[in-house]
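Each chain, letter by letter, is given below.
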Amino acid sequence: MAAIYQAVYRRASSLFCRLHSTYVRKMRYLNELKEDDSLCRQAQTSGTFYLFHNLSPFLQKVGNKYLVPQLSAAEMKRILEKSKETEQWIEKSVLISCSDEHVPHFALDLGALQKSVIESELKGSFTDLRKALFIVDGKDSPLLASAQSLLRWHDSHQYCSKTGQPTQKNVAGSKRVCHASGITYYPQMSPVVITLVSDRSRCLLARQPSFPQGMYTALSGFCDVGENVEETVRREVAEEVGLEVESLWYTASQHWPFPSSCLMIACHALVRAQQAEISMNSLELEEARWFGLEEITEGLKRDPRSSKQDDGSFLPWFPPQQAIAHQLICEWVKQQTS
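Parameters at a glance
- Note that residues are indexed from 1 along each chain, following the sequence as it is written.
- With pLDDT at 70 or above as the cut-off, local features in this predicted model cover only qualifying residues; side-chain atom pairs require 80 or more to be listed or tallied, and sums for whole chains, interfaces and linings still use all residues.
- Only hydrogens and water are set aside; all other atoms, that is, all heavy atoms of the structure, feed into the side-chain values.
- UniProt positions are given in the numbering used here, feature names are shortened, and annotations may be inferred rather than shown by experiment.
- Counting from the N terminus, the helices are the DSSP runs of H or I reaching at least four residues and the strands are the DSSP runs of E reaching at least two.
- Each residue is placed in one exposure class: buried if its accessible area under a 1.4 Å probe, protein chains only, is under 20% of its type's maximum, exposed if it is over 50%, and partly exposed if it falls in between.
- Two residues form a contact once any of their heavy atoms are found within 4.5 Å.
- Using the Shrake-Rupley algorithm and a 1.4 Å probe, accessible areas are obtained, with residue cover drawn only from the displayed protein chains.
- Working convention for charge: Lys and Arg count positive, Asp and Glu count negative, and His plus the chain ends are omitted.
- Think of each charge as sitting on NZ of Lys, CZ of Arg, CG of Asp or CD of Glu.
- Any pair of Phe, Tyr and Trp rings, taking the six-membered ring for Trp, is counted once the centres come within 6.5 Å. Such a pair is stacked with planes under 30 degrees apart, edge-to-face with planes over 60 apart, and tilted for the rest.
- Any Lys NZ or Arg CZ found within 6 Å of a ring centre and within 35 degrees of that ring's normal is scored as a charge over the ring.
- Patches were defined on residues exceeding 30% relative accessible area and lacking a salt bridge, with like-charge contacts within 9 Å and nonpolar side-chain contacts (Val, Leu, Ile, Met, Phe, Trp, Tyr) within 5 Å.
- When a carboxyl oxygen of Asp or Glu is within 4 Å of a side-chain nitrogen of Lys or Arg, the pair counts as a salt bridge.
- Two strands pair if DSSP finds at least two bridges between them.
- Multiplying 1.5 Å by the helix residue count minus one yields the expected span of that helix.
- In the analysis that follows, any N or O atom pair within 3.5 Å is treated as a polar contact, provided that within protein one partner can donate a hydrogen and the other can accept it, and provided that, for residues neighboring in sequence, both atoms belong to side chains.
- Helix axes use the C-alpha atoms of the stretch in contact, all axes being lines fitted to C-alpha atoms, and the angles between their N-to-C directions lie in the range 0 to 180 degrees.
- Relative orientations are named as follows: roughly parallel for angles under 35 degrees, roughly antiparallel for angles over 145 degrees, roughly perpendicular for angles from 65 to 115 degrees, and oblique for any other angle.
- In this scheme the handedness of a crossing depends on how the near helix is turned from the far one: anticlockwise by less than a right angle means left-handed, clockwise means right-handed.
- Joining through side-chain atoms within 4.5 Å is the link that ties buried Ala, Val, Leu, Ile, Met, Phe, Trp, Tyr and Cys residues into a set, and such a set is a nonpolar core.

An unreviewed UniProt entry annotates the protein chain as NAD(+) diphosphatase of Pygoscelis papua. Regarding the protein chain, the relevant UniProt record gives this comment under Cofactor (unreviewed entry): "Mg(2+)".

See the structure below:
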């Protein structure tokens, strides 16, 4: 019996090591590509490319599904030749990931080329990222978000903030350098807290005027300089709905590319039921209110397209599964029903 247990243990350990070493090799290969321009330039000839046009990703519809195609270097060369552009265009790409087999993935924005020609040639369309994130497969959403954020960062950091001189990206796009000052710039993310407030029996959701009709979500706001997460949560809740947080806890995080590259830090916050009267900041919010468990459960089932009523009003609905606000709301429901 002991021999059997040892054999099972060795097999499990061997599997774990293989999985672990695959991940480590992948991460180290990506780091090599970021640091070695020659190696990355060589990888561009064997890698795959995700296409964007003015920061909108290229999608193909197959039946009822939307796919994110990966073009080979040969396909990219053909598209560029058809558009009467040179292969030097590929050097404008940025490295975003690689497969377990070390096939590198790049993102390339073809905004300077005619969109209709590319769409016709590849039989697809460039789609606004806000829509694309919710119609593609869940594994593709984070990659598209990261790619757009990196492409946007390069577009907005072409000059040194100290000298005003042009900055130069490395081949992988992991940094930009001002050769006049020697300053190296790296892509950065802005921390944002997103908080689901509860008085234990209800949760608080709000909407801004820019939201689609009927959509409510958790409170959110950028961290101020010098603040920690707890201080930001307490300040945002006080500013937006006039409530004082009694306790809070972190639950998860998500990269979110709107309005720029953000790190959404998701938290739950409790307020006292006896002090739960909302005093809304109308400069930031259009509406904020408490929701009971039954209303939340119904809202999670509701399709946005079916929320409009005969009198023109809208029933509440909530962000889709890919958004971290959805996770917060589902966690609250689980707490209430457990």
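Once the structure has been displayed, the description carries forward.
Participant: Give a detailed account of the overall build of the protein chain, specifying residues and quantitative values.
Facilitator: In terms of regular secondary structure, the protein chain is built from nine helices and 16 strands. Expressed as lengths along the three principal axes of its C-alpha atoms, the size of the protein chain is roughly 65 × 65 × 50 Å. In the protein chain, buried positions account for 43% of the 338 residues. Taking the intrachain contacts of the protein chain between residues at least 6 apart in sequence as the baseline, contacts between residues at least 24 apart amount to 63%. Just so you have it, the protein chain exposes about 18,900 Å², and 50% of that area is on carbon and sulfur atoms. Across the protein chain, the mean location of the 37 positive side-chain charges is 7 Å away from that of the 39 negative side-chain charges.

Participant: Account for the packing of aromatic side chains, with residues named and values stated.
Facilitator: A full pass over the atoms with the stated rule returns six aromatic pairs. When the centroid spacing of 5.3 Å and the interplanar angle of 70° are considered together, the rings of Tyr216 and Phe291 count as edge-to-face. Linking Tyr216 in the loop between strand E12 (203–207) and strand E13 (219–222) with Phe291 in strand E16 (residues 287–291), this pair joins segments that are 75 residues apart in sequence. When its relative accessible area of 0% is taken as the criterion, Phe291 is described as buried. One Lys or Arg, Arg289, reaches over the ring of Tyr216 and ends 5.6 Å from the middle of that ring. Over the ring of Phe291 we find Arg289, and its NZ or CZ is 3.9 Å from the ring centre.

Participant: Describe a negative patch on the surface, with residues and values.
Facilitator: Taken together, the side chains of Glu32, Glu35, Asp36 and Asp37 define an acidic patch exposed on the protein surface. Along the polypeptide, Asp37 turns up in helix H2 (residues 37–43). Under the relative-accessibility criterion, Asp37 is labelled partly exposed at 31%.

Participant: Could you give me a rundown of the sheet that holds strand E8 (residues 168–169), with the residues and numbers involved?
Facilitator: Strand pairing in a sheet relies on backbone hydrogen bonds, with the paired strands running either antiparallel or parallel. Taken in spatial order, the three strands of this open sheet run E8-E9-E10, and their pairing is antiparallel. Two strands bound the open sheet, and with one partner strand each, they are E8 and strand E10 (184–185). Sheet topology places E8 next to strand E9 (residues 176–177); two bridges connect them, and they run antiparallel. Within E9, the residue paired with Gln168 across the bridge is Val177.

Participant: Mind laying out helix H7 (residues 229–241), listing which residues take part and the relevant values?
Facilitator: Counting along an α-helix, one turn takes 3.6 residues, and residues three or four places apart therefore face a common direction. Taking 1.5 Å per residue as the helical rise, H7 with its 13 residues ought to reach 18 Å, and the 18 Å between its terminal C-alpha atoms agrees with that figure. Looking only at H7, the buried set comprises Thr232, Val233, Arg235, Glu236, Val237, Glu240 and Val241. In the core, the buried residues of H7 are packed alongside strand E11 (190–198), E12, E13, strand E14 (247–256), strand E15 (262–270) and E16. Its side-chain oxygen at 3.2 Å from the backbone nitrogen of Glu230, Asn228 defines the N-terminal cap of H7.

Participant: Now, about the packing of helix H8 (residues 293–301) against helix H9 (residues 324–337): what can you tell me, with residues and values included?
Facilitator: As a packed pair, H8 and H9 sit with axes 11 Å apart at the nearest point and diverge in direction by 135°. The angle between the axes of H8 and H9 places the two elements in the oblique class. Between H8 and H9 lies a crossing whose hand is left-handed. Where H8 abuts H9, its residues Leu293, Ile296 and Leu300 lie against His326, Ile329, Cys330, Trp332, Val333, Gln336 and Thr337.

Participant: Outline the UniProt feature "domain: Nudix hydrolase" (unreviewed entry) in the protein chain, supporting the account with residue identities and numerical values.
Facilitator: The positions that UniProt labels "domain: Nudix hydrolase" (unreviewed entry) are, in the present scheme, residues 187–317. Taken end to end, residues 187–317 has its terminal C-alpha atoms 34 Å apart, with 17% of it in helix and 32% in strand.

Participant: Help me get a handle on the nonpolar core, residues and values and all.
Facilitator: Counting 40 residues, the largest nonpolar core has Leu144, Ile194, Leu196, Leu205 and Ile296 as its most contacted members. Once residues lying within four places of it in the same chain are set aside, the contact partners of Leu144 are Phe52, Pro57, Leu59, Val68, Leu129, Ala132, Leu133 and Val136. Formed by 26 residues, the second largest nonpolar core is a distinct cluster that contains Tyr29, Trp89, Leu108 and Val171.

Participant: So what's going on with the side chain of Thr167? Which residues, and what values?
Facilitator: Checked against the element boundaries, Thr167 lands in the loop between helix H6 (141–156) and E8. Within polar-contact distance, the side chain of Thr167 engages the backbone oxygen of His157 at 2.8 Å. Among all residues touching Thr167, those that are not within four sequence positions of it are His157, Gln158, Tyr159, Cys160, Arg176, Val177, Cys178 and Tyr185.

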